[in-house]
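# Structure assessment
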Amino acid sequence: MLIRKAPEFRYSQITPRDVYFNRRTFLAAGTAAIGALATSNSLFAGEKLSGVSKSPLSTDEKPTPFDLITHYNNFYEFGSDKEDPAANSGNFRTSPWTMKVEGEVGKPKVFDLDALFKIAPLEERIYRHRCVERWSMVIPWVGFPLNALLKQVEPTSKAKYVAFESYYDKKQMPKARGTGIEFPYVEGLRLDEAMHPLTLLVVGLYGEKLPNQDGAPIRLVVPWKYGFKSIKSLVRIRLVEKQPPTAWNLSAPNEYGFYSNVNPEVDHPRWSQAKERRLPELSSRNTVKFNGYGDQVAKLYTGMDLRKNY
Amino acid sequence: MATRLPSYTLEWIFARTTEGMGKVLSSKWTKVFAFLLCLVPLGLLGWRYYQQKLGANPVEKITHTTGDWTIWFLLITLSVTPLRKLLDQPKLARFRRMLGLFAFFYGSLHFTTWLWLDKGFDLIEMWQDVVKRRFITVGMLALVLMVPLAITSTAGWVRRLGFVRWQLLHRLVYFSALAGVIHYYWLVKSDVRLPLFYGGILALLMTYRLGTWMLSKSTKRHARAAPMLK
Ligand code: HEM
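The rules behind these values
Every chain is numbered on its own, with residues counted from 1 as its sequence reads. Labels are handed out in written order, letters beginning with A for the chains and numbers beginning with 1 for the ligands. Where totals are concerned, whole chains, interfaces and linings use all residues; where local detail is concerned, this predicted model gives features only for residues with pLDDT of at least 70, and gives and counts side-chain atom pairs only at 80 or more. Side-chain metrics rest on all non-hydrogen atoms present in the structure, leaving aside hydrogens and water. Note on contacts: a residue pair qualifies if any of its non-hydrogen atoms lie within 4.5 Å across the two residues. Buried area is understood as the total, over both parts, of accessible area removed when two parts are fitted together, assessed with a 1.4 Å probe. Salt bridge, as applied in this entry: a Lys or Arg side-chain nitrogen positioned within 4 Å of an Asp or Glu carboxyl oxygen. Each residue is tested against the molecule or strand, and it is near if at least one of its non-hydrogen atoms lies within 4 Å. Under this definition, polar contacts are N or O atom pairs within 3.5 Å; protein pairs additionally need one hydrogen-donor-capable and one acceptor-capable atom, and for neighbouring residues in sequence, both atoms have to be side-chain atoms. Numbering of helices and strands runs from the N terminus; a helix is a DSSP stretch of H or I covering at least four residues, while a strand is a stretch of E covering at least two. Any pair of Phe, Tyr and Trp rings, taking the six-membered ring for Trp, is counted once the centres come within 6.5 Å. Such a pair is stacked with planes under 30 degrees apart, edge-to-face with planes over 60 apart, and tilted for the rest. For the exposure calls, accessible area comes from a 1.4 Å probe over protein chains only, and a residue counts as buried if that area is under 20% of its type's maximum, exposed if over 50%, partly exposed in between. Only nitrogen, oxygen and sulfur atoms qualify as donors, and only when within 2.8 Å of the metal (3.2 Å in the case of Na, K and Ca); with water excluded, sites may look incomplete. A four-donor site is called tetrahedral if each angle lies between 85 and 135 degrees; a four-donor site is square planar, and a six-donor site octahedral, when trans pairs exceed 155 degrees and the remaining angles lie between 65 and 115; all other cases are labelled irregular. In short, DSSP must find at least two bridges between two strands for them to pair. Structural elements are reduced to axes, namely lines fitted to C-alpha atoms, with helices fitted over the stretch in contact, and the angle between N-to-C directions of any two is expressed from 0 to 180 degrees. Patches were defined on residues exceeding 30% relative accessible area and lacking a salt bridge, with like-charge contacts within 9 Å and nonpolar side-chain contacts (Val, Leu, Ile, Met, Phe, Trp, Tyr) within 5 Å. Residue exposure ignores everything except the shown protein chains as possible cover, and the areas themselves are Shrake-Rupley values with a 1.4 Å probe. Regarding the arc, it is the one traced by the directions from the helix axis to the C-beta atoms. In summary, the charge assignment counts Lys and Arg as positive and Asp and Glu as negative, without counting His or the chain termini. One atom stands in for each charge, and that atom is NZ of Lys, CZ of Arg, CG of Asp or CD of Glu.

### Thoughts on the interface of chain A and chain B
Counting residues at the interface gives 30 residues for chain A and 21 residues for chain B. Both sides of the chain A and chain B interface together cover about 2,000 Å² of buried area, and 42% of this is carbon and sulfur. Of all residues in chain A, the largest losses of buried area upon contact with chain B belong to Arg270, Arg277 and Leu282 of chain A, amounting jointly to 33% of the total for that side. For Asp267 of chain A, the salt bridge goes to Arg133 of chain B, with nearest N and O atoms at 2.9 Å.

### Things to note about the site of the ligand
All names here are of chain B. What surrounds the ligand is a group of 20 residues, the closest being His64, Asp68, His110, Met146 and His183. With respect to the ligand, the side chain of His110 contributes an N or O atom lying 2.7 Å from a nitrogen atom. His183 is positioned with one of its side-chain polar atoms (N or O) 2.8 Å from a nitrogen atom of the ligand. Broken down by secondary-structure element, the contributors of at least two residues to the shell around the ligand are α3 (58-86), α4 (96-118), α6 (134-151) and α9 (172-187).

### Some points on the packing of aromatic side chains
Residues and elements named next belong to chain A. For the structure on display, the rule yields 31 aromatic pairs over all chains. Aromatic pair Phe75 and Phe78: ring centres 5.0 Å apart, planes at 90°, arrangement edge-to-face. By relative accessible area, Phe75 is classed as buried at 3%. Between Phe228 and Tyr256 the ring centres are 5.4 Å apart and the planes differ by 80°, which places this aromatic pair in the edge-to-face class. With Phe228 in the loop between β10 (219-221) and β11 (234-240) and Tyr256 in the loop between α11 (247-251) and β12 (275-278), this pair connects stretches of sequence that are 28 residues apart.

### As for the coordination of the iron atom of the ligand
All names here are of chain B. Each protein donor to the iron atom of the ligand is listed here as His110 (NE2) and His183 (NE2); together their distances run 1.9 to 2.0 Å. What the six donor atoms of the iron atom of the ligand show is an angle range of 85 to 179° at the metal, which sorts the shape as octahedral. With His110 in helix α4 and His183 in helix α9, this pair connects stretches of sequence that are 73 residues apart. When sorted by exposure, His110 lands in the same class as His183, which is buried.

### With respect to the sheet that holds strand β2 (residues 98-103) of chain A
Residue and element names in this part refer to chain A. One open sheet accounts for five strands, arranged β3-β2-β11-β6-β7; its pairing is mixed. Each edge of the open sheet is held by one strand with a lone partner, namely β3 (109-112) and β7 (186-190). Neighbour-to-neighbour, the strand axes of the sheet open up by a mean angle of 15°, direction not taken into account. With five bridges joining them, strand β6 (residues 161-166) and β7 adopt antiparallel strand pairing. Paired with Ala163 across the two strands is Gly188, which belongs to β7.

### Observations concerning a nonpolar patch on the surface
A cluster of nonpolar side chains, Leu10, Trp12, Ile13 and Phe14 of chain B, forms an exposed patch at the surface whose accessible area comes to about 440 Å². The exposure class assigned to Ile13 of chain B is partly exposed, which follows from its relative accessible area of 42%.

### Topic: the pattern of salt bridges
Considering all chains together, one arrives at 29 salt bridges over all chains under this definition. Among the ionic pairs, Asp118 of chain B bridges to Arg134 of chain A, the shortest N-O distance being 3.7 Å. With one member in each of two chains, Asp118 of chain B in helix α4 and Arg134 of chain A in the loop between β4 (123-130) and β5 (135-145) form a pair that bridges those chains. Here Glu19 of chain B ties to Arg16 of chain B by a salt bridge, and the two come within 3.2 Å at their closest N and O atoms. Here Glu19 of chain B and its partner Arg16 of chain B are both found in helix α1 (residues 10-26), three residues apart, which amounts to about one turn of the helix. The partly exposed category is assigned to Arg16 of chain B, whose relative accessible area is 36%. Salt bridges linked by common partners bring Asp267 and Lys275 of chain A together with Lys119, Glu125, Asp129, Lys132 and Arg133 of chain B together as one network.

### A closer look at helix α9 (residues 146-153) of chain A
Residues and elements named next belong to chain A. Those residues of α9 lying buried are Leu146, Asn147, Leu149, Leu150 and Val153. For α9, the arc enclosing every buried residue in end-on projection is 155°, short of the 170-degree limit, so these residues lie on one face. Directly beyond the C-terminal end of α9, a positive phi value near 55° is found at Glu154.

### Some remarks on a positive patch on the surface
A cluster of like positive charges, contributed by Lys217, Lys220, Arg221 and Arg224 of chain B, occupies part of the molecular surface. With a relative accessible area of 56%, Lys220 of chain B lands in the exposed category.

### Quick word on the environment of Val202 of chain A
Residue and element names in this part refer to chain A. Checked against the element boundaries, Val202 lands in strand β8 (residues 200-205). Val202 gets classed as buried once you look at its relative accessible area, which sits at 0%. Note: C-alpha distance between Val202 and Pro145 (57 residues apart in sequence) is 8.6 Å. Once residues within four sequence positions are removed from consideration, Val202 is found in contact with Trp141, Val142, Gly143, Leu210, Pro217, Ile218, Arg219 and Val221.

Encoded structure:
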């Protein structure tokens, strides 16, 4: 059962579709251009995505309510409290947007906003999401496998890792300063992890375009790793030869490793990872290795000491 | 010829304000009001829980709210003496015990939240955390240090111990507050601004104490030295 509370109205319902899609002309012509700009992203988020197919890779667990997925976020660019991203990302401009894919590839590419939604057919994937802070959710993402994109750019034989970079703009993200991590936020995966069919590029949530606080317009989701690996608001993907730096590892290397696979047997130095709280439940449940995706991904790590490679 | 009215001088205004504040602070009702005010954070927390408005992670919200109020009450308690001296309001001292006990009260709620909702009253697991995780170790230390103070907070205990010994014992509160700040500093992921802010307030309050203590030492030395000069 979805206990999602429907918003009272959607701008997309009260704005004619052609006006809605030509927002820039609309804004230029508009009288209250500034006011409209300020709300341009509330116009944008919440738009229904069409042609989304269901995926057999979804869990049948009950999805976490929309309100919680959108009001309990770690997105330090907008502040370090869980309520900050929802409160501070309303005016974040996600259009126009470009995402570059470059590095050790045969065909580097730059995608604009429209192109991002057309890289591959959209699927709904309901995934478990486990944060390193011991809470978890079940989230109906909409997106496509990252490997669909990577195949298009044709990685060379030198490409061993994939480096990801988030958008960062001091002016739009004044709360980022002082949160204790470096920006732009960066992440990385080994190429085989990136090519894995479970690894997603996500553009939507609950059948609609991704809300700003959840990483609009496009983000990564790696369901068997702690949430901070799933980098938000992507502007750059680089295929590289060497293991790239990652944001939390730079901030506290003894606490956050490159792999950061969900693993109840390996404690965070300051807390145990044996249990998690499925929000909004009060009681805890046991955490499952690889967040329950071990059947699909454990083979990526055969022979590796996961205690060392945390 | 106009006579100079003393009522227009600043001194007079200060004196009247001090006197008025003194009266308010002596009132039984002010104390009742302060007591109720101290219960507001708990009341709000309970109300939000009842309204299901504690957000996605109610347990975390309860832990954080009670933890925040514990440190606040510790710092407020430690401000009583400096404020009493700076404002020349001896009656402020009447509130100190109550504020200190509220720090202990919120600290106990904070601890109970953790023990109950995080550890499920599993004492073995609790002990493992206390010895293994340094932020829990110092938090526990902060709370344990408050226990003897809460017990000996009554007038009877002041008499039994004698004021000097009682006062010495109650200096433990400095270490409790320090441990509380370190606890917070160690538990945040990366954003240390708030723990540093609390640490700053504590440093200010301790500097004041150190300053007055050194001043009083030197005046005492002068007082002792003075007769010899005669
Ligand atoms: C009496 C002294 C204590 C003080 C002043 C204190 C203060 C605090 C503060 C200010 C916070 C952070 C709240 C926030 O983030 O808004 C906190 C969190 C916490 N405290 Fe305490 N605390 C004390 C004792 C304890 C004890 C005895 C325990 C358990 C043994 C404990 C366990 C925790 C836990 C588990 C958290 C949350 C950590 C997290 O979010 O990861 N504290 N405390």
